[in-house]
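Spelled out, the chains give:
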Amino acid sequence: MTTRESDTAPATVMKGVFLPGDATAEVREYPVPVPGPGELLIRTGASGICGSDIGYIYRGYKTHKGLNGKPAYKGVIAGHEPSGRVVAAGPGVTRFGAGDDVIVYHIHGCGVCRNCRAGYYISCTDQEQRKAYGWQRDGGHADYVLVSEATCIPLVAPLTYADGALIACGFGTAYEGLRRAGVHGGEDLLVVGLGPVGLAAAMIGRMLGARRVIGVERNAERIEFVRSLGLVDDIVLADEKAVDNILELTDGVGCAVSVDASGSTPGRATAIGGTAEWGRMSLLGEGGTLETEVSDSLLHKQLTINASWVTSLQGMEDLAGMLAAAGLHPGVVISHRMTLGQADEAYALAAAGTTGKVILVPDEADADVVR
Ligand SMILES: [Zn+2]
Ligand SMILES: [Zn+2]
């Protein structure tokens, strides 16, 4: 072998996680990718496991509307919530370079449709060009991830990679819902469902000035965990008396703003019932149905209901800046920090849904980027 050949050969192989769709996660070997025009190679610092990974890929491949029944997951390296350090830049890259720490917005869109131009790559209307990390292109559950520069957002100090992984999806989603509902100082906030997105809504809601945050949760183990974080002022058990208990806590008025992060029909009903007259609500949880009586529950209360999916590139960048300025660390909602080699165990924990967020970090022996 000549020196020239060894120079051009892939520098190393890397570990990456493949999801066969049978409730397991496999660690496989892949070549380390080389960035092309407009691309960056990121050394992964942290990569979150999301509820959507569990529901649409891990337990069995499911489709999304618009995909003609074909599974949304294309057998790539999983993980759409990466954060890490740029180690190499391809030609034509202008904003980021080696050594920069970034959060990766989880979808690259066509860049020219109406939604992309507004920064909502999530809603890109070009199904050929729209590619989500961990779904249609290789994602962050790997030692390295190849990303488009356009999807990178600065990870500003003192945010950590773990914080960045949370902002990449769940915190961005919570922020957008609160932004649309317009929560502001002196108002009470109701958060139904205290999984990672609900906890994000609690932290961001308080940052945006909510006076009091009331959480609703049905899982006793999760309630223990949430109490230890101090992100909510009161926790109401999700049962048939939940609305009465919310009204009692608010002198019969309810909360000015509410967020459903439960994705359940009874959870959404609780959010509607716990919202005050002229209140604003955002639906963030995926799946299921919304069932409600209309006159007394919605019209006569003059309610506004927003349906919100993820956030924009700029929304995510604004949020990261605000959290950093406030000295807040989204990483506090992490209950399990596992290494890439423990991916199977990590997915099983996340699928059990009893705790906070589960994230993957590099194996200890290879932890060359720490933040
Ligand atoms: Zn996610
Ligand atoms: Zn587009």
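Residues numbered from 1 in each chain as written. Chains lettered and ligands numbered in written order. Predicted model: local features only at pLDDT ≥ 70, side-chain atom pairs only at ≥ 80, totals over all residues.

Our next topic: the overall build of the protein. Each helix and strand in the protein was counted, giving 11 helices and 17 strands. Against the globule reference of 21 Å for 371 residues, the protein gives a C-alpha radius of gyration of 21 Å, in line with a compact fold. Overall size of the protein, expressed as C-alpha extent along the three principal axes, is 80 × 45 × 40 Å. Out of the 371 residues in the protein, the part that is buried amounts to 47%. (Helix = DSSP H or I, 4+ residues; strand = E, 2+ residues; numbered from the N terminus. Rg over C-alpha atoms; globule rule 2.2 N^0.38 Å. Buried ≥ 20, exposed ≤ 12 C-beta atoms within 10 Å, placed from the backbone.)

A few words now on the packing of helix α4 (residues 161-181) against helix α5 (residues 196-207). Interhelical geometry of α4 versus α5 gives an angle of 55° and a closest axis separation of 8 Å. The pairing of α4 with α5 is recorded here as oblique in orientation. For the crossing formed where α4 meets α5, the hand is right-handed. Touching G170, F171, T173, A174, Y175, G177 and L178 of α4 are P196, V197, A200, A201, I204 and G205, all from α5. Tallied by class, the residues present in the contact of α4 with α5 amount to nine nonpolar, four polar and no charged. (Axes fitted to C-alpha atoms, helices over the stretch in contact; angles between N-to-C directions. Parallel < 35°, antiparallel > 145°, perpendicular 65-115°, else oblique. Left-handed = near helix turned anticlockwise from the far one by under 90°. Contact = placed C-beta atoms within 7 Å. Nonpolar A, V, L, I, M, F, W, Y, C, P; charged D, E, K, R; others polar.)

Below, the discussion takes up the environment of G182. On the secondary structure map, G182 appears in the loop between α4 and β10 (188-192). Residue G182 is classed as partly exposed on the basis of its C-beta count, with 14 C-beta atoms lying within 10 Å. Along the primary structure G182 and G205 are separated by 23 residues, whereas in three dimensions their C-alpha atoms are 9.9 Å apart.

Quick look at the nonpolar core now. Ranked by size, the top nonpolar core spans 105 residues in total, and within it V191 and A201 carry the most contacts. For this core, the leading source of residues is α4, giving 12 residues. The residue makeup of this core includes at least three contributed by each of domain 1 (11-160 + 329-366) and domain 2 (173-307). With near-sequence residues (within four places) excluded, V191 lies in contact with G198, A201, A202, V213, G215, V232, V259 and A261. (Core = buried A, V, L, I, M, F, W, Y, C linked by C-beta atoms within 7 Å. Domains from an automatic or database assignment.)

Attention now moves to the pairing of β10. Counting buried positions along β10 yields five of five residues, so the element is predominantly enclosed. Burial along β10 is two-sided: D188, L190 and V192 and L189 and V191, pointing in opposite directions, are all buried. Alignment of β10 against strand β11 (residues 212-217), held across five bridges, turns out to be parallel. Paired with L190 across the two strands is I214, which belongs to β11. (Pairing = 2+ DSSP bridges.)

Read across the sheet, six strands follow the order β12-β11-β10-β13-β14-β15 without closing on themselves; strand pairing throughout is parallel. Each edge of the open sheet carries a strand with a single partner, namely β12 (234-237) and β15 (304-307). Pairs of neighbouring strands in the sheet enclose a mean axial angle of 20°, with direction left out of account. Strand direction decides the pairing type here: strand β14 (residues 275-283) and β15, joined by four bridges, are parallel. Directly across from M281, in β15, lies its bridge partner I305. In this fold helix α7 (residues 242-249) packs onto β10, β11 and β12, with an angle of close to 155° to the strand it touches most, β12. Most of the contacts of helix α8 (residues 265-273) go to β14, to which it runs at about 145°, and overall it touches β10, β11, β13 (255-260) and β14.

The next thing to look at is α4. Here α4 is 21 residues long and its end C-alpha atoms lie 29 Å apart, about the 30 Å a rise of 1.5 Å per residue gives. Within α4, the axis deviates most sharply at I167, by approximately 60°. Counting buried positions along α4 yields 19 of 21 residues, so the element is predominantly enclosed. Among the residues trailing α4, G182 stands out with phi positive, at a value near 70°. (Expected span 1.5 Å × (residues − 1). Bend = angle between axes of the 7 residues up to and from the residue.)

The next subject is the environment of I235. Tracing the backbone shows I235 in strand β12. For I235, a count of 18 C-beta atoms within 10 Å translates into the label partly exposed. Here the alpha-carbon distance between I235 and H64, two residues 171 residues apart in the chain, equals 34 Å.

A word on unusual backbone geometry. As a rule of thumb, non-glycine residues mostly have phi less than zero, and peptide bonds are mostly trans rather than cis. The linkage connecting A157 with the following residue, P158, adopts the cis geometry, with an omega of 5°. With respect to the secondary-structure elements, P158 resides in the loop between β9 (152-154) and α4. Positive phi is not limited to glycine here, since A23 has a value of about 65°. You can see A23 is positioned in the loop between β1 (13-18) and β2 (26-31). The class of A23 is partly exposed, set by 14 C-beta atoms lying within 10 Å.

This part takes up the domain arrangement of the protein. You can read the domains of the protein as domain 1 (11-160 + 329-366) and domain 2 (173-307). The distance between the C-alpha centroids of domain 1 and domain 2 comes to 29 Å. Facing the 10 residues of domain 1 at the interface are 11 residues of domain 2. Residue composition of the side of domain 1 that touches domain 2, by class: three nonpolar, six polar and one charged.

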